[in-house]
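# Descriptive analysis of the structure
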Amino acid sequence: MTKAKNRSRRIPSLAGLVVLLCACAAAGRAQENGECLACHAEKTFSIERNGKAVSLFADESQLKASVHADAPCVACHADLAGQELPHAQRPARAQCGTCHSSHEEQFNESLHGKALSRGDPLAPRCQSCHGSHGIAPTKNSLSAVAPMRVPYVCGSCHSEGAPAQKQRPIHQDHIIENYSESIHGEGLLKKGLSVSATCTSCHSSHHILPHTDPRSSISRANISKTCMKCHAQIEAVHRKVINGELWQKKPHMIPACVECHQPHKVRKVFYNQGMADKDCLRCHAQEGMGSELGGSVHGKTACAQCHTEVAPSKVRPCETIVNKVNCSICHSAQMDQYQTSVHGKLFKKGDPNAPTCIECHGKHGVLSRKDTRSATFSINVPNLCARCHQEGKKAAVRYAGKEREIPQHYVESIHGKGLLKSGLVVTAMCTSCHTAHGERPAGDPASSVHRDNIALTCSQCHFGVYEKYVGSVHSPKAT
């Protein structure tokens, strides 16, 4: 009974045999899909191989829905073209490269292709990823290689415990688990964002090469280009973090993306791992730096984002720091103004009296200018500027102009009284007229207090006055 039952699974039904005999009598050659399906459309059609029944069933509905719907069977099974039916028991494998030659060339050069060529039984073939007869377009959600399914396709070999992961030298571990917890995996698998990066986004679909191969999409020299397929502004953004000169002069010194963003586990940069703030605060917390940072506008900015020369590989990451913090990393517009100002030009000359960012804003406890405790809060600005500009201080000593006792005169002015006595924080202060970062002498035509510009500067607060002044006899345009 058992033998008869097994035989019924391997031999086509009587109806199927009748159709097959009729097809052979009519044509005798397997050229049309209908002739092939006369046998292969039977669900019970199978053959015994190595003592096991191997199904030869081809689902006609899948074929009609596949990308190969219009292709004849013999386009893939070329060795059967012209053969008489029934054909040889075991025809050659379908040759995908007949139509997909470029993909086949890439595959043959890849790790998978080389494994296949040396006879590795675990090596994937085209069918391993794409399927056999029901190959749906990649944009179809039912496709085996649709973005939502790619992690599962790759995971069939690369997940922990899979034969390839256990028996072959794959240097990354917990790949699929790490990917699922990454920002990319979360976007794809939890939020359904099909544009999120999948395995093939980084490793490519067919040309999968080791990272040591200079042609690889994940080699150190190419990884940024690979990431830029999705993250188009990488270079522009990182110019603010890494000294821009390095991009042109010393490309070998530019960190590759994976040096800060772990492969497969991409979530947060190493600021929260090997270069966490807590690593810096092991020593610097004794100086009260932790509490300073906690209340500053940079409270959420990692130490390594300002101190960019730190080296995560060092026991003391800061031992590699040579230069002072470059505030233009984030504040490039303000720094551009500063460099053209009197203060900036003095600094460029190496003048010890030149004020720097930290003299006005502080170091680690930088507060918002809207914070009443900040040195740059409106009411505090006159005292801030007076540190250098009151009589006897370094700025007043070197000043060669006619103005004297500038801070004292301001205090007695309508502006000073409004700000300091009446507490009107909208009242003009030093930076209202001289600007915060672009201070220039009155003789400079670009200065906000130059004779030609002073009326416009005043009009920022005194609305309507400027329009009247421009048409008056006092206007420079009238002379």
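Presented here is a report on the structure given in the accompanying data block. The structure displayed is predicted, hence computed values, not measured ones.

Here we take up the overall build of the protein chain. Along the protein chain, the regular secondary structure elements total 30 helices and two strands. For the protein chain, the residues scored as buried account for 27% of the 479 residues in total. The long-range fraction of contacts in the protein chain, counting pairs at least 24 apart against all pairs at least 6 apart in sequence, stands at 46%. Working note: accessible area of the protein chain is about 31000 Å², and carbon and sulfur atoms make up 57% of it.

A full pass over the atoms with the stated rule returns eight salt bridges. Three or more residues joined by partner-sharing salt bridges are found here, namely Glu-109, Asp-213 and Arg-215.

As a further point, take the environment of Gln-127. Within the element layout of this structure, Gln-127 appears in helix H8 (residues 126-130). Overall, Gln-127 belongs to the partly exposed group, its relative accessible area being 25%. Sequence separation of Gln-127 and Ala-94 is 33 residues, and the distance between their C-alpha atoms is 9.5 Å. Among all residues touching Gln-127, those that are not within four sequence positions of it are Ala-94 and Ser-132.

Glancing now at helix H27 (residues 414-421). Helical geometry: 3.6 residues make up each α-helical turn, so side chains three or four residues apart lie on a common side. All buried positions along H27 are accounted for by Gly-416, Gly-418 and Leu-419. End-on, the buried residues of H27 take up no more than an arc of 165 degrees, which puts them together on one face. Projecting away from the buried face of H27 at angles above 90 degrees are the exposed residues Ile-414 and Lys-421. The inward-facing, buried residues of H27 contact helix H24 (381-389) and helix H26 (406-412). Looking at the residues trailing H27, positive phi occurs at Gly-423, about 70 degrees.

Where strand S1 (residues 46-49) lies against strand S2 (residues 52-55), four bridges are found, and the strand directions are antiparallel. Bridge pairing in S2 links Glu-48 to Ala-53. Between S1 and S2, which pair antiparallel in sequence order, lie two residues; one of them, Asn-50, sits at a positive phi of approximately 55 degrees.

So, on to the packing of aromatic side chains. Using the criterion set out here, one finds one aromatic pair in the structure. Between the aromatic rings of Tyr-338 and Phe-347, the centroid separation amounts to 6.4 Å while the plane-to-plane angle is 55 degrees, which identifies the pairing as tilted. Looking at Phe-347, the relative accessible area reads 47%, which means it is partly exposed.

With that settled, the discussion passes to a nonpolar patch on the surface. On the surface, a cluster of nonpolar side chains totalling about 280 Å² of accessible area is made up of Leu-424, Val-425 and Val-426. Among the secondary structure elements, Val-425 is positioned in the loop between H27 and helix H28 (430-434).

Here the focus is the side chain of Gln-165. If you trace the backbone, Gln-165 turns up in helix H10 (residues 163-167). The class for Gln-165 is buried, based on a relative accessible area of 11%. A polar atom in the side chain of Gln-165 sits 3.2 Å from the backbone oxygen of Gln-172. Excluding residues within four positions of it along the chain, Gln-165 makes contact with Cys-157, His-158, Ser-159, Glu-160, Ile-170, Gln-172, Asp-173 and Ile-175.

Moving on: unusual backbone geometry. The amide bond that connects Leu-85 to the next residue, Pro-86, takes the cis arrangement and shows omega of -10 degrees. Residue position: Pro-86 is located in the loop between helix H5 (73-76) and helix H6 (101-109). The phi torsion at Ser-204 lies on the positive side, around 75 degrees, for a residue other than glycine. With respect to the secondary-structure elements, Ser-204 resides in the loop between helix H13 (199-203) and helix H14 (223-228). One non-glycine residue, His-264, lies in the positive phi region at around 70 degrees.

Conventions used here
- Residues numbered from 1 in each chain as written.
- Predicted model: local features only at pLDDT ≥ 70, side-chain atom pairs only at ≥ 80, totals over all residues.
- Heavy atoms only, no water.
- Helix = DSSP H or I, 4+ residues; strand = E, 2+ residues; numbered from the N terminus.
- Buried < 20%, exposed > 50% of the residue type's maximum accessible area, 1.4 Å probe, protein only.
- Contact = heavy atoms within 4.5 Å.
- Areas by Shrake-Rupley, 256 points an atom, 1.4 Å probe, with all protein chains shown as cover.
- Salt bridge = Lys/Arg side-chain N within 4 Å of Asp/Glu carboxyl O.
- Arc of directions from axis to C-beta.
- Pairing = 2+ DSSP bridges.
- Phe/Tyr/Trp six-rings, centres within 6.5 Å; stacked < 30°, edge-to-face > 60°.
- Patch = residues over 30% accessible without salt bridge, like charges linked within 9 Å, V, L, I, M, F, W, Y side chains within 5 Å.
- Polar contact = N/O pair within 3.5 Å; in protein donor to acceptor, adjacent residues only side chain to side chain.

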